[in-house]
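Each chain is listed here by its residues.
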Amino acid sequence: MNQQLLKEIEKGSKNALLKKKIITHYIYNGSSTLTDLSREMDLSVPTITKLISEMCEDGYINDYGKLETSGGRHPSLYGLNPESGYFVGVDIKHFAINIGLINFKGDMVELKMDIPYLFENSKEGLDKLCQLISNFILNAEVDAEKILNINVNVSGRVNPESGFSFSQFNFEERPLADILSEKIGYPVTIDNDTRAMTYGEYMQGSVKGEKDIIFVNVSWGLGIGIIIDGKIYKGKSGFSGEFGHVSTFENEIICHCGKKGCLETEASGSALHRILLERIKKGENSILSKRINSETPITLDEIIAAVNKEDVLCIEIVEEIGQKLGKQIAGLINIFNPELVIIGGTLSLTGDYMTQPIRTAIRKYSLNLVNKDSVITTSKLKDKAGIIGACMLARSRMFESI
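Here the structure is a predicted model, which is why all the values come from computation and not from measurement.

Caption draft 1: The packing of aromatic side chains, seen in detail. One pass over the full model with this rule turns up 7 aromatic pairs. An aromatic cluster of three or more residues is present, and its members are Tyr60, Phe87 and Phe104. When the ring centre of Tyr64 is taken as origin, the NZ or CZ atom of Lys105, which lies over that ring, is 4.6 Å away. Lys324 extends its terminal NZ or CZ atom over the ring of Phe249, reaching a point 5.9 Å from the ring centre.

The following block contains the structure:
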């Protein structure tokens, strides 16, 4: 790929910014004719023709041939050249990481799920993460020089613009994105994991034209992604969506944020994990009871599997979590009046065991006039939402401000 355009975009020249807008258009809309692109961009056909011709020479755009029409001249269809560049996404889970690689067009080229990685918020944990990413790139079946950007999903408070993470891997007085880039040897961006999942669903998942969306990520932690009028809402510092840290309960459980009573302490994967162990130790039975004294800790994936094997205790706890969560989502619906609420994250893999109590609580606690237009659904991408979102963010962050 010709790297000149990337350098021009950084400088902010008018010609480069127009080409950046064209790439962004193709990212969201797919291939189109010069006439359609001219109309969308509000530029003359000769201007568009010149820009597209230059981008074809640079290798960013392909001429996909004549479009079949009922009569008259057949216009040519232009779109992104899939082989002009590649992007890597990294999704960090509590017990594993997922790494994916997409081409310039957005197609997944390589995907490695559930690479063993026990998350530790330490320098050693960061070094291990970088080693796993480097190994993935080393073994990828594409030209490594064509990898243009890597995006890493990080939980907690993340400022994607400055590249700082304030919750995880915050060891130095400089951006985590810069540290990762230095260690891995490629440009790196970071974003909040829930926001990445939301973007994944928006680009390739459950979203079918809706513009006002709330994505609820019920994984080890709890967060929400917000899309307003088709734009991801990040907040002033990139910290929007900290749903799990709404003070909800009068309990003495200390959240990992340091406060007591957070919603996350009773309605999240970590809460499910803790409550299950507590109840087994008190004498209640589960198919996971024999795992309680094992040297290797019970993982969240094992608990989800137990739920789907109809383990009564696990189901009971998941339903209780769904009721608590649904009551708080009802409040979000009253505030935002969204078209679509997507339940995602690891706990959503329990299906109706989680979503039915949520729906019941929403009907009970939200205003009927407000919730009647809000569709409640589960993530279409399921456990791939985060990694697809990470890959898509790696590409979009180079060419737009989302």
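Caption draft 2: Here's a closer look at the nonpolar core. Counting 44 residues, the largest nonpolar core has Ile22, Ile23, Ile52 and Tyr60 as the members making the most contacts within it. Of the residues forming this core, the biggest block, 8 residues, is contributed by helix 13 (residues 385–399). For Ile22, the residues in contact, after removing those within four places along its chain, are Leu37, Met41, Ile48, Leu51, Ile52 and Met55. Membership of the second largest hydrophobic core comes to 39 residues, among which are Ile214, Leu222, Ile280 and Ile333.

Caption draft 3: Highlighting the sheet that holds strand 10 (residues 188–192). Taken in spatial order, the 5 strands line up as 6-5-4-7-10 in an open sheet, and their pairing is mixed. Of all the strands in the sheet, just strand 6 (108–116) and strand 10 have a single pairing partner and so form its edges. Between one strand axis and the next, the sheet turns through 15° on average, direction left out of account. The pairing of strand 7 (residues 147–154) with strand 10 spans 5 bridges and is classified as parallel. What sits directly across from Ile150, in strand 10, is Val188. Against the sheet, helix 13 touches strand 4 (86–92), strand 5 (96–103), strand 6, strand 7 and strand 10, its axis set at about 135° to strand 4.

Caption draft 4: Quick look at the sheet that holds strand 2 (residues 61–66). In space, the 3 strands of this open sheet follow the order 1-3-2, with antiparallel pairing throughout. Bordering the open sheet on either side are strand 1 (32–33) and strand 2, each of which pairs with just one other strand. Those strands touched by helix 2 (residues 14–29) are strand 1, strand 2 and strand 3 (76–80), and its axis lies near 95° from that of strand 3.

Caption draft 5: Fine view of the pattern of salt bridges. Applying the stated criterion across every chain yields a total of 19 salt bridges. Arg39 serves as the salt-bridge partner of Asp36, at 3.0 Å between the closest nitrogen and oxygen. In this pair, Asp36 and Arg39 both sit in helix 3 (residues 34–41), 3 residues apart, roughly one turn of the helix. Judged by relative accessible area, Asp36 falls into the partly exposed class, the value being 32%. In this structure Arg39 comes out as exposed when scored by relative accessible area, which is 58%. For the salt bridge of Arg157 with Glu242, the shortest nitrogen-to-oxygen distance reads 3.5 Å. Separated by 85 residues along the polypeptide, Arg157 in the loop between strand 7 and strand 8 (158–159) and Glu242 in the loop between strand 13 (231–233) and helix 8 (269–281) bring together distant segments of the chain. Since its relative accessible area comes to 24%, Glu242 is described here as partly exposed. Beyond isolated ion pairs, a larger network of salt bridges with shared partners links Arg279, Glu284, Glu316 and Glu320.

Caption draft 6: Region of the structure containing the pairing of strand 14 (residues 340–344). Of all 5 residues making up strand 14, 5 are buried, and the element is well covered by its neighbours. Judged by which residues are buried, strand 14 turns out to be covered on both faces: Leu340, Ile342 and Gly344 on one side and Val341 and Ile343 on the other are all buried. As judged from the 5 bridges shared by strand 11 (residues 213–218) and strand 14, these two strands associate in the parallel manner. Opposite Ile213, over in strand 14, you have Leu340 as the bridge partner. Inspection of the sheet shows strand 14 paired to strand 15 (residues 375–378) by 4 bridges, in the parallel sense.

Caption draft 7: Empty space enclosed by the protein, seen in detail. Inspection of every chain in the model, using the stated rule, returns 1 cavity of 30 Å³ or more. For the largest cavity, the calculated volume is near 30 Å³. Along the walls of the largest cavity sit Asn192, Thr194, Arg195, Ile224, Gly225, Ile226, Tyr233 and Ser240, which together make up its complete lining. Listed by contribution, the elements that provide at least two residues to the lining of the largest cavity are helix 7 (193–204) and strand 12 (222–228). Among the elements that take part in the lining of the largest cavity, strand 12 stands out by supplying 3 residues, more than any other. Taken together, the residues of the lining of the largest cavity sort by class into 3 nonpolar, 4 polar and 1 charged.

Caption draft 8: Looking closely at the packing of helix 2 against helix 4 (residues 45–58). Two numbers describe how helix 2 lies on helix 4: the axes approach to 11 Å, and their chain directions differ by 80°. Between helix 2 and helix 4, the angle is such that the two are roughly perpendicular. Residues Asn15, Leu18, Lys19, Ile22, Ile23 and Tyr26 of helix 2 touch helix 4, and the partners they reach there are Ile48, Leu51, Ile52, Glu54, Met55 and Asp58. Here the residues of the contact of helix 2 with helix 4 are counted per class, giving 8 nonpolar, 1 polar and 3 charged.

Caption draft 9: Examining the environment of Leu101 more closely. Within the secondary structure layout, Leu101 lies in strand 5. Residues Leu101 and Phe136 lie 35 residues apart in sequence; the distance between their C-alpha atoms is 9.4 Å. Dropping the residues within four chain positions of it, Leu101 is found in contact with Tyr86, Phe87, Val88, Asp107, Met108, Val109, Glu110, Phe136, Ala140, Val142, Ile147 and Cys391.

Conventions and cut-offs
- Residues numbered from 1 in each chain as written.
- Predicted model: local features only at pLDDT ≥ 70, side-chain atom pairs only at ≥ 80, totals over all residues.
- Heavy atoms only, no water.
- Phe/Tyr/Trp six-rings, centres within 6.5 Å; stacked < 30°, edge-to-face > 60°.
- Lys NZ or Arg CZ within 6 Å of the ring centre and 35° of its normal.
- Core = buried A, V, L, I, M, F, W, Y, C linked by side-chain atoms within 4.5 Å.
- Buried < 20%, exposed > 50% of the residue type's maximum accessible area, 1.4 Å probe, protein only.
- Helix = DSSP H or I, 4+ residues; strand = E, 2+ residues; numbered from the N terminus.
- Contact = heavy atoms within 4.5 Å.
- Pairing = 2+ DSSP bridges.
- Axes fitted to C-alpha atoms, helices over the stretch in contact; angles between N-to-C directions.
- Salt bridge = Lys/Arg side-chain N within 4 Å of Asp/Glu carboxyl O.
- 1 Å grid on protein atoms, 1.4 Å probe; cavity = no way out; pocket = protein on both sides within 12 Å on 5 of 7 lines; lining within 4 Å.
- Points joined across faces, edges and corners; volume = space filled by probe spheres on them.
- Nonpolar A, V, L, I, M, F, W, Y, C, P; charged D, E, K, R; others polar.
- Parallel < 35°, antiparallel > 145°, perpendicular 65-115°, else oblique.

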